[in-house]
Amino acid sequence: MMFASTAAYLASGFKPKVIVIGSGPAGTTIARKLGAAGIPVTVIEAGSDEWTEESQDFYRGSVVGDPYFDLDISRLRFLGGSSNHWAGWCRVMDAHDFQPKAWAPDTGWPIGRQDIEPFLNEVHDILDLPPFLPDVPMTEDLRWVQLIKSPAVRFGEKFRGELEKSPNIAVVLNTYVTHLTGDGRKVTGAQLWSDGKDQGAITADFYVPCAGGLENSRLLLWSNELSNGAVVPHAEALGCYWMEHPQFEGGNIILSNYDEFAVDATNEAFFSPSPKAMEERQILNFGVRLIETPYDGAKQLIADLACTAPDTAEWFAGMLDLNLRCAAKLYVGWEQAPVATNRIVLSLLDRDHAGVPRIELHWQKSELERRTLAEGLRVFGEAFAERDFGRLRIADWIVNGEDYPTDQELAGHHHMGGTRMADDIRKGIVDRNMKVHGMDNLYVGGSSVFATSGQCNPTTTLTALAARLGDHLSRVIGA
Amino acid sequence: MSPLPRPEIRLVDWLNPKTSISRRRFMASLATVSAAALLTRTMQPTRRDEFVEVNGWILKRSDLA
């Protein structure tokens, strides 16, 4: 069922067992799992079924620290959520991404990759993915890794028909959950706002915010402020450990040829370090994206190399004569260290039209990440030299220790953390089942539960986690 | 040191993407690289002995032989 307004939904008399807040990849996946299990679920979507300027305005906020995107363009507030502008790149976080790293504080998840693997077949169907291919070691330190460029499922489009037909699922558009109420053990209601006014509260047995990697924290922070801590009783880490995937152009490489590793349909290839390399260099995970450059780019690089190593340049010049596609730009994206001071707080100055404080995002890249960028490129360059695949030149700004460029992509629009998963209530908000510590009926879905970010795009992993949570809730409710 | 051969084109010519060059001319251009450039490079050790970092290039030590 789908309702275009709060009033239409309230008039229907539908009684949900579960209220899911948000209709993006996490919310839709959880609702579909519950609906399929015969459990009545209401999905509250703040926007309509298409983009509107008015709805996006609720996402405005401010950023303190490193340059970052405007918060209202970095996510979307309508049916299907941010899947509506998702690029579709897919990879599941590696097993070692879930493990603690002794050289990086506050890393490690309470679950492992094996806990989400049973749900990956479902994820393939949800995201229309081909099978994953295993990593291919290039050297002891570097692996070729697959990043699937999928058709980019728009959840609102793909699943709208199913949601409309389901007797167990009610999707309510144009309805904003401004806050949850609670008593310190349970959430007691979800307060609704639409058509410019308060619409009262709705209730259910369970509540699952899936409003995105920024908005989940905002909702819970505001709920906690209004309820004097009765929605998230252990809130030390609430909004904290927020993470992104910074990404910058890292240099250029001359390649002897492209036959030594698989490239995708757009002549791109991706590489990541081995766990051994990360440990030896004391760095975090990273991904190098290799993109072919035009012929003249190769000539320029060889000219530069000639000033350093003429014999090698001559050898490459010979290769250039045989194979014109022999140079590439390198982009590096990396895992961001989980740092408590990278956090979402509620603005003291600015509120949205419903009176909810806007987000003030505090975000800064750390020294560990700078080392990950530079050492990661060295790992990559040494591996390619060792195998004689090519020679890498690291960008001057990295070699010289200059500031990050401000005219590049900056990051991946990947919003992670804020309600992270941890056994320690001082370090996280949800437990291994994504239930808020100390609360009986409040769960969180989406990438805000990520304890660490890994290096890959988050949608595949968050969808798997959502399928896992849907499965868990179905069993809890069915018991 | 024997004198360098006279280049058929200048380095800046073959850097121009519109310039069509032969392998022979390309090699001749490379040969014009000043030996001084080799003396001013800053070589930095890497974690592994078989590699060096020079002007941002990650090279095998044998590349510089």
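Residues numbered from 1 in each chain as written. Chains lettered and ligands numbered in written order. Predicted model: local features only at pLDDT ≥ 70, side-chain atom pairs only at ≥ 80, totals over all residues. Heavy atoms only, no water.

## Section: the overall build of chain A
Across its full length, chain A holds 13 helices and 23 strands. Against the compact-globule benchmark of 23 Å for 479 residues, chain A has a radius of gyration of 23 Å, which places it among compact chains. On the principal axes, the C-alpha backbone points of chain A span a range of 80 × 40 × 40 Å. Counting across all 479 residues of chain A, residues that qualify as buried make up 63%. Restricting to contacts in chain A with at least 6 residues of sequence separation, those with at least 24 account for 75%. In the form shown here, chain A has an accessible surface area of approximately 17200 Å², with 49% of it arising from carbon and sulfur atoms. If you average the places of the 43 positive and of the 64 negative side-chain charges in chain A, the two averages end up 5 Å apart. (Helix = DSSP H or I, 4+ residues; strand = E, 2+ residues; numbered from the N terminus. Rg over C-alpha atoms; globule rule 2.2 N^0.38 Å. Buried < 20%, exposed > 50% of the residue type's maximum accessible area, 1.4 Å probe, protein only. Contact = heavy atoms within 4.5 Å. Areas by Shrake-Rupley, 256 points an atom, 1.4 Å probe, with all protein chains shown as cover. Lys, Arg positive; Asp, Glu negative; His and termini not counted. Charge placed at Lys NZ, Arg CZ, Asp CG, Glu CD.)

## Observations regarding the confidence of the model for chain B
All names here are of chain B. For chain B, the mean per-residue pLDDT works out to 62, and 31% of the residues sit at or above 70. Of all secondary-structure elements in chain B, the lowest mean pLDDT belongs to helix α1 (residues 11-15), at 45, while strand β3 (residues 57-60) reaches the highest, 92. A low-confidence stretch, residues 1-17 stays under pLDDT 50, and its non-local contacts, those more than four residues away or across chains, total 27 contacts. For this predicted complex, the interface score ipTM comes out at 0.85, alongside a pTM of 0.91. (pLDDT = per-residue confidence, 0-100.)

## Details of the sheet that holds strand β1 (residues 2-3) of chain A
All names here are of chain A. Sheet architecture is open: five strands sit in the order β1-β9-β3-β2-β13, paired in parallel fashion. If you trace the sheet from one side to the other, it starts and ends with β1 and β13 (206-209), each paired once. Sheet topology places strand β3 (residues 41-44) next to strand β9 (residues 169-172); four bridges connect them, and they run parallel. In the sheet register, V41 faces β9, and the bridge partner there is I169. Sitting on the sheet, helix α13 (residues 459-478) touches β2 (18-21) and β13, and the angle it makes with β13 is about 175°. (Pairing = 2+ DSSP bridges. Axes fitted to C-alpha atoms, helices over the stretch in contact; angles between N-to-C directions.)

## Things to note about the nonpolar core
Core analysis: the largest hydrophobic core is formed by 139 residues, its most contacted members being L180, F261, F271, L290, F380 and F384 of chain A. Here this core takes eight residues from helix α11 (residues 367-386) of chain A, the largest share from any one element. Excluding residues that lie within four positions of it along the chain, F384 of chain A makes contacts with L142, I253, L255, F261, F271, L290, F389, G390 and R391 of chain A. Judged by nonpolar contacts, the second largest core, of 17 residues, contains A327 of chain A together with V52, W57 and L59 of chain B. (Core = buried A, V, L, I, M, F, W, Y, C linked by side-chain atoms within 4.5 Å.)

## Points about the sheet that holds strand β19 (residues 343-351) of chain A
Residues and elements named next belong to chain A. Taken in spatial order, the three strands line up as β4-β20-β19 in an open sheet, and their pairing is mixed. On the outer flanks of this sheet lie β4 (61-65) and β19, each paired with one strand and no other. Strand-to-strand twist of the sheet, defined as the mean angle between neighbouring strand axes without regard to direction, takes the value 30°. Where β19 lies against strand β20 (residues 357-363), five bridges are found, and the strand directions are antiparallel. Paired with R343 across the strands is H362, a residue of β20.

## Here's the deal with the packing of helix α2 (residues 25-36) of chain A against α13 of chain A
Packed helices, taken two at a time, are described by the angle between their axes plus the distance between the axes. All names here are of chain A. Running from amino to carboxyl end, α2 crosses α13 at an angle of 30°, the nearest separation of the two axes being 8 Å. Handedness of the crossing formed by α2 with α13: right-handed. Of the residues in α13, those touching α2 at P25, A26, T29, I30, K33 and L34 are L462, T463, A466, A467, L469, G470, D471, L473 and S474. (Left-handed = near helix turned anticlockwise from the far one by under 90°.)

## Details of helix α4 (residues 120-127) of chain A
Residues and elements named next belong to chain A. Those residues of α4 not exposed but buried are L120, V123, H124, I126 and L127. Taken end-on, α4 shows its buried residues confined to a sector of 165°, consistent with a single buried face. Away from the buried face of α4 by more than 90 degrees, exposed residues N121 and D125 are located. Summarising the contacts, the buried residues of α4 are in contact with α2, β5 (89-90), α5 (155-158) and α13. Two residues or fewer after α4 comes D128, characterised by a positive phi angle close to 55°. (Arc of directions from axis to C-beta.)

## Considerations on the packing of aromatic side chains
Residues and elements named next belong to chain A. Per the counting criterion, the structure on display carries 26 aromatic pairs over all chains. Seen in terms of ring centroids, F155 and F159 are 5.5 Å apart; in terms of plane orientation they differ by 45°. Their pairing is tilted. Judged by centre distance (6.1 Å) and plane angle (25°), the ring pair of W334 and Y404 falls under stacked. Of this pair, W334 sits in strand β18 (residues 327-334) while Y404 sits in the loop between α12 (396-399) and β22 (410-411); the two residues are 70 residues apart in sequence, bridging distant segments of the chain. Like W334, the residue Y404 is buried in the burial classification. Ring pairing ties together the aromatic residues F261, F271, F380, F384 and F389, which thus form one cluster. The residue whose ring lies beneath R77 is Y176, and the NZ or CZ to ring-centre distance is 4.8 Å. For the cation-ring pair, R370 lies above Y404, with the distance from its terminal atom to the ring centre recorded as 4.9 Å. (Phe/Tyr/Trp six-rings, centres within 6.5 Å; stacked < 30°, edge-to-face > 60°. Lys NZ or Arg CZ within 6 Å of the ring centre and 35° of its normal.)

## Describing α2 of chain A
One full turn of an α-helix is made of 3.6 residues, so residues set three or four places apart face in the same direction. All names here are of chain A. Taking 1.5 Å of rise per residue, the 12 residues of α2 would be expected to cover 16 Å, and the 16 Å separating its terminal C-alpha atoms lies within 8% of that figure. The buried fraction of α2 is high, at 10 of 12 residues. Within α2, the full set of buried residues consists of P25, A26, G27, T28, T29, I30, A31, K33, L34 and G35. Positive phi shows up at G38, right after α2, with a value of about 80°. (Expected span 1.5 Å × (residues − 1).)

## As for the environment of W103 of chain A
Residues and elements named next belong to chain A. Looking at the element boundaries, W103 is found in the loop between β5 and α4. With 181 residues separating them along the chain, W103 and L284 place their C-alpha atoms 9.0 Å apart. In terms of polar contacts, W103 uses its side chain to reach the backbone carbonyl oxygen of I283, at 2.9 Å. (Polar contact = N/O pair within 3.5 Å; in protein donor to acceptor, adjacent residues only side chain to side chain.)

## Details of the side chain of E375 of chain A
Checked against the element boundaries, E375 of chain A lands in helix α11. Given a relative accessible area of 15%, E375 of chain A falls into the buried group. Only 3.1 Å separates the side chain of E375 of chain A from the side chain of R378 of chain A, close enough to count as a polar contact. In this view, E375 of chain A contacts R281 and I283 of chain A together with R47 of chain B; residues no more than four positions away in its chain are not counted.

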